[in-house]
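# Residue-level structural notes
Single-letter residue listing:
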Amino acid sequence: MRPDVDPDLGTLYLVPTPIGDPDDITARAVAVLTSVAAVACEDTRNTLSLIRPLGVTARLLSYHEHNEESRGRQLLEMLLAGDDVAVVSDAGTPLVNDPGYRLVAAAIDAGVRVRPLPGASAPVTALIGSGLPVHRFQYVGFLPRKAAARRAALADLADTAATLIFFEAPHRMLETLRDMAETLGDRQVAAARNLTKADEEFLRGPLTGVVAALAAEDPVRGQFTVVLAGRDEGDDDSAKELAGKLATAMIGHGATSRFASDVIREVTGLPRNWVYDRVQAVERTRG
């Protein structure tokens, strides 16, 4: 059990900031930023340009991946001394793809109240505008920069039925989308560019079509959030029926369970664990 909140300690606020249009900041966010003793942010210059027009005069403290440990200790000390602190990111909801969860965990353990505010989020904004299923989704963030590692990471997601959400830099968009098409097939995708800005754009369609559209640009520019359709579950029943027949035939002809599983997974595209369990079941029935 975590300790109860101590009312004598400060409060840690997690405050979303606009991802494009500055008017997307909420009245509650402004009130919190105005009231706290310090605002922890990725880049003090970016945050200053946001809060100055709002009349916020709180102390700004840089807080990023390179000083997360030392700055986190300082912020926790402030909270334990009774000061309220807000954490923001350069754009969007803090902690998503940014440092902060260690501070939140430490604050909770110390009895500090943690108050997350709702607000702007690029992954959710892109998802609901994508036209792809939203009932189940998985946020992936940035893929590895090197091609081999990126393809391996995509291969690990091949069996995921949930809609997938990625961030990508503009200069890597084409190679990433091409790797997606090569590794996962020509799935439906929505590439959201410059969300909530005046030039917001959604490029929707099959991966090959979006690749062709972006390939016509030289160079590709903008801030992208990529929403990719998950594995199509509509063909699972027929694939599972085929897998069962293949398992029975291959095990019956002396194939090892590992070899049979690898072949069946490659042919059907079914999840690794399901295929292995099916092959094991066939082996057990044969004694």
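Here, the structure is the one placed above.
Since the model is a prediction, treat every value here as computed from it, not as a measurement. (Residues numbered from 1 in each chain as written. Predicted model: local features only at pLDDT ≥ 70, side-chain atom pairs only at ≥ 80, totals over all residues. Heavy atoms only, no water.)

### Notes on the overall build of the protein
Going by this rule: The helix and strand labels rest on DSSP assignments: H or I over at least four residues marks a helix, E over at least two residues marks a strand, and numbering proceeds from the N terminus. Radius of gyration here uses only the C-alpha atoms, and the compact-globule reference equals 2.2 Å multiplied by the residue count raised to the power 0.38. Using a 1.4 Å probe on the protein chains alone, a residue whose accessible area is under 20% of its type maximum counts as buried, one over 50% counts as exposed, and one in between counts as partly exposed. We call two residues contacting when some pair of their heavy atoms lies within 4.5 Å. Per-residue and other accessible areas were derived by the Shrake-Rupley procedure at a 1.4 Å probe size, with only the shown protein chains allowed to occlude residues. Think of it this way: Lys and Arg go in the positive column, Asp and Glu in the negative one, and His and the chain ends go nowhere. Charge coordinates come from a single atom per side chain, which is NZ of Lys, CZ of Arg, CG of Asp or CD of Glu.
Scanning the protein from N- to C-terminus turns up 11 helices and 10 strands. Taking 2.2 N^0.38 as the reference for a compact globule, 287 residues should give roughly 19 Å; the C-alpha atoms of the protein span a radius of gyration of 24 Å, well beyond that estimate. Along the first, second and third principal axes, the C-alpha set of the protein runs to 75 × 55 × 30 Å. The buried share of the protein, taken over its 287 residues, is 43%. Here the analysis covers contacts within the protein between residues at least 6 apart in sequence; of these, 70% occur between residues at least 24 apart. Per element, the accessible surface of the protein, about 15100 Å² overall, is 50% carbon and sulfur. Here the protein holds 31 positive side-chain charges and 39 negative ones, and the gap between their average locations is 4 Å.

### Concerning the packing of helix H6 (residues 147-156) against helix H7 (residues 173-184)
For clarity, the cut-off: Axis lines are fitted through C-alpha atoms, for helices just across the contact stretch, and the angle between N-to-C directions can take any value from 0 to 180 degrees. Throughout this description, any angle smaller than 35 degrees is read as roughly parallel, any larger than 145 degrees as roughly antiparallel, any in the 65 to 115 degree range as roughly perpendicular, and the remainder as oblique. If you view the pair so one helix is near and one far, a crossing is left-handed when the near helix is turned anticlockwise from the far one by less than a right angle, and right-handed when it is turned clockwise. Nonpolar residues are Ala, Val, Leu, Ile, Met, Phe, Trp, Tyr, Cys and Pro. Charged residues are Asp, Glu, Lys and Arg, and all others, Gly as well, are polar.
Remark: H6 packs on H7, axes separated minimally by 10 Å, with the N-to-C direction vectors making an angle of 45°. With respect to H7, the element H6 is oriented oblique. Along this stretch, H6 crosses H7, giving a crossing that reads as right-handed. Taking contact as the criterion, the partners of Ala147, Arg150, Arg151, Leu154 and Ala155 in H6 are, on H7, Glu175, Thr176, Asp179, Met180, Thr183 and Leu184. Within the contact of H6 with H7, the residues separate by chemical class into five nonpolar, two polar and four charged.

### Quick notes on the side chain of Thr176
Spelled out, the test is: Any pair of N or O atoms that falls within 3.5 Å is considered a polar contact. Within protein, one atom must be able to donate a hydrogen and the other to accept it, and sequence-neighbouring residues count only if both atoms are side-chain atoms.
Residue position: Thr176 is located in helix H7. Residue Thr176 is classed as buried on the basis of its relative accessible area of 3%. There is a polar contact of 2.8 Å between the side chain of Thr176 and the side chain of Glu168. Contact partners of Thr176, with chain neighbours within four places excluded, come to Leu143, Arg150 and Glu168.

### Thoughts on the packing of aromatic side chains
Quick reminder of the rule: Aromatic contacts are taken between Phe, Tyr and Trp rings whose centres are within 6.5 Å, Trp giving its six-membered ring; a plane angle under 30 degrees counts as stacked, one over 60 as edge-to-face, and the others as tilted.
One pass over the full model with this rule turns up two aromatic pairs. Arranged with centres 5.6 Å apart and planes meeting at 75°, the rings of Tyr139 and Phe167 form a pair that is edge-to-face. Of this pair, Tyr139 sits in strand E6 (residues 137-142) while Phe167 sits in strand E7 (residues 163-168), and the two are 28 residues apart along the sequence. Residue Tyr139 is classed as partly exposed on the basis of its relative accessible area of 30%. Each member of the aromatic cluster is reached from another via a ring pair, and the members are Tyr139, Phe142 and Phe167.

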